[in-house]
Amino acid sequence: YEATKKEERVSFYTGSMQEERAARLVLEHDLKKAIEQGELFIEYQPQLDLQQGAISSAEALVRWRHPKRGLIAPLDFIPLAEESGLIVPIGKWVLETACTETVRWQKKHRKPMRVAVNLSIGQLYEKDFSRFVKQTLEKTGLAPAHLQLEITESMTMNTKLIVPALQELKALGVTIAVDDFGTGYSSISYLKDFPIDYLKIDRSFIRNILDNPDDEALVKMILSMAKHLKLKVVAEGIETPEQLDYLFHNDCEKIQGYFISRPLPYEALEADYQAIQQFADEQLNRLKMTK
Ligand code: C2E
Ligand code: MG
Ligand code: MG
Ligand code: MG
């Protein structure tokens, strides 16, 4: 399979093709050791459920603290991990860590919390992937309903391979979301074959939702289509109160974005959770007065 976001990030490697190749090899070599050296960690971005008014889920986003280069964002190493196959051990580490930390959070706060974990398509194609998910849920004690798996919409989705893989996962009781919806695929016909629960509207449609009628039309179309297909919608990249207002009044189920909270390391999620929920309460109270 092809790494989907590769093209967008070549700017990370400046210089000649040769230098670029050498830099990639060094980074790949470092990445091989990153797990055992404890250099990876997860940040959690809270999601606000607009119907329940609760922060009841969070997306797990991996980060790499490189000993020399400092913090490296996922788009600067996930494509490399996908090309080299390192995504398989990295993906396992992320899933296991996210489940473990979510259980710890639930025990501490005595509240349910669902965690959404991003998958690369290559992980889904691994033999026994659903068995690994099942074992991880059992080992960590996370309820299947508290795990959501996000697959990124892309040209490389092969229906024949993906549908059975997703069905096995669904049978465990986990939920499935399609990430970056609207950006990666030429046809939406897969929506009727894939056993999915959520569509995540890509942030590129949300950014100008209030001043670009085309973006607004697309978002409205996605919300209406999702309703007819009985799918729920998460809107990504909410940065302003106006964007929140818009999605609230157009019956979007969940939102995620810097306006509610940036992604936070586990300790910060524990410490700040109440303040984030309180901020969300204030916003929703304001919105309900205008509904
Ligand atoms: P994604 O799954 O679409 O995740 C959302 C991205 O949008 C995150 O970037 C998040 O920090 C960012 N974001 C959230 N709210 C806002 C906002 O209001 N404004 C802006 N400008 N950005 C916002 P991040 O953490 O850099 O992750 C980038 C991508 O890397 C993710 O996109 C996902 O595709 C991938 N990724 C992250 N963690 C993993 C992982 O564990 N496994 C795999 N396979 N991919 C991962
Ligand atoms: Mg995602
Ligand atoms: Mg993604
Ligand atoms: Mg996304």
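Counting of residues starts from 1 at the beginning of each chain's written sequence and follows it residue by residue. Each chain is given a letter, starting from A, and each ligand a number, starting from 1, according to the order in which they appear as written. In keeping with the model being predicted, local features are shown solely for residues with a pLDDT of at least 70 and side-chain atom pairs are shown and tallied solely at 80 or more, while totals for entire chains, interfaces and linings include all residues. With hydrogens and water excluded, all non-hydrogen atoms of the structure serve as input to the side-chain values.

(A) Representation of unusual backbone geometry within the structure. One non-glycine residue, Asp180, lies in positive phi territory at about 50°. Of note, Asp180 is situated in strand S6 (residues 175-181). Each residue's exposure class comes from its accessible area (1.4 Å probe, protein chains only) as a fraction of the maximum for that residue type: buried when under 20%, exposed when over 50%, partly exposed otherwise. Owing to a relative accessible area of 8%, Asp180 belongs among the buried residues under this scheme. Phi at Asp251 takes a positive value of approximately 60°, unusual for a residue other than glycine. By definition, any uninterrupted DSSP run of H or I lasting at least four residues is a helix, any uninterrupted run of E lasting at least two residues is a strand, and each is numbered from the N terminus. Tracing the chain through its elements places Asp251 in the loop between helix H9 (241-249) and strand S9 (254-255). Overall, Asp251 belongs to the partly exposed group, its relative accessible area being 39%.

(B) Spatial organisation of the pairing of S6. Counted residue by residue, S6 has seven buried out of seven residues, so it is predominantly covered. By this definition, two strands are paired if DSSP reports at least two bridges between them. With five bridges connecting them, strand S5 (residues 147-152) and S6 associate as parallel partners. When the bridges of S6 are listed, Leu149 appears paired with Ile176.

(C) Spatial organisation of the site of ligand 1. Taken together, 24 residues lie near ligand 1, and Arg63, Asp179, Arg203, Glu239 and Tyr258 sit nearest. Polar contacts, as counted here, are pairs of nitrogen or oxygen atoms within 3.5 Å of one another; within protein the pair requires one atom able to donate a hydrogen and one able to accept it, and residues that are adjacent in sequence qualify only if both atoms are side-chain atoms. Between a nitrogen atom of ligand 1 and a side-chain N or O atom of Glu239, the distance comes to 2.5 Å. Between Tyr258 and ligand 1, the recorded distance is 2.8 Å, taken from a backbone N or O atom to an oxygen atom. Under the convention used here, a 1.4 Å probe and the Shrake-Rupley method define accessible areas, while residue burial counts only the protein chains that appear. Burial of ligand 1 by the protein chains amounts to 88% of its free accessible area of 810 Å². Secondary-structure elements contributing two or more residues to the shell around ligand 1 are strand S2 (54-66), strand S4 (114-119) and S6. It suffices for a single heavy atom of a residue to lie within 4 Å of a molecule or strand for the residue to be listed as near it.

(D) Structural detail: the packing of helix H3 (residues 87-109) against helix H10 (residues 266-288). Packing of H3 against H10 brings their axes to within 11 Å, and their N-to-C directions diverge by 25°. Between H3 and H10, the crossing angle belongs to the class labelled roughly parallel. For the pair H3 and H10, the crossing hand works out as right-handed. Every residue of H10 that contacts H3 at Glu101, Arg104, Trp105, Lys108 and His109 is listed here: Tyr266, Leu269, Glu270 and Tyr273. Residues that form the contact of H3 with H10 fall into these classes: four nonpolar, one polar and four charged. Only the contacting stretch of a helix is used when fitting its axis, a line to C-alpha atoms as for every element, and angles between N-to-C directions run 0 to 180 degrees. With respect to orientation, any angle under 35 degrees is reported as roughly parallel, any angle over 145 as roughly antiparallel, any angle of 65 to 115 as roughly perpendicular, and every other angle as oblique. Definitions for this section: a left-handed crossing has its near helix turned counterclockwise from the far helix by less than a right angle. A right-handed crossing has that turn clockwise. Residues are treated as being in contact if the distance between any of their heavy atoms lies within 4.5 Å. Asp, Glu, Lys and Arg are counted as charged, while Ala, Val, Leu, Ile, Met, Phe, Trp, Tyr, Cys and Pro are counted as nonpolar; the rest, among them Gly, fall into the polar class.

(E) Helix H5 (residues 129-140), seen in detail. The length a helix should cover is 1.5 Å for every residue beyond the first. Taking 1.5 Å of rise per residue, 12 residues should cover 16 Å, and H5 covers 16 Å from first to last C-alpha, within 8% of that figure. When we look at burial in H5, the residues that qualify are Phe129, Ser130, Phe132, Val133, Thr136, Leu137 and Thr140. Projected down its long axis, H5 carries its buried residues within an arc of 155°, all on one side. Away from the buried face of H5 by more than 90 degrees, exposed residues Glu138 and Lys139 are located. Residues of H5 that are buried in the fold lie against H3, S4, helix H4 (121-125), S5 and helix H6 (159-172). Read the arc as the range of directions from the helix axis to the C-beta atoms.

Structural measurements only, silent on function.
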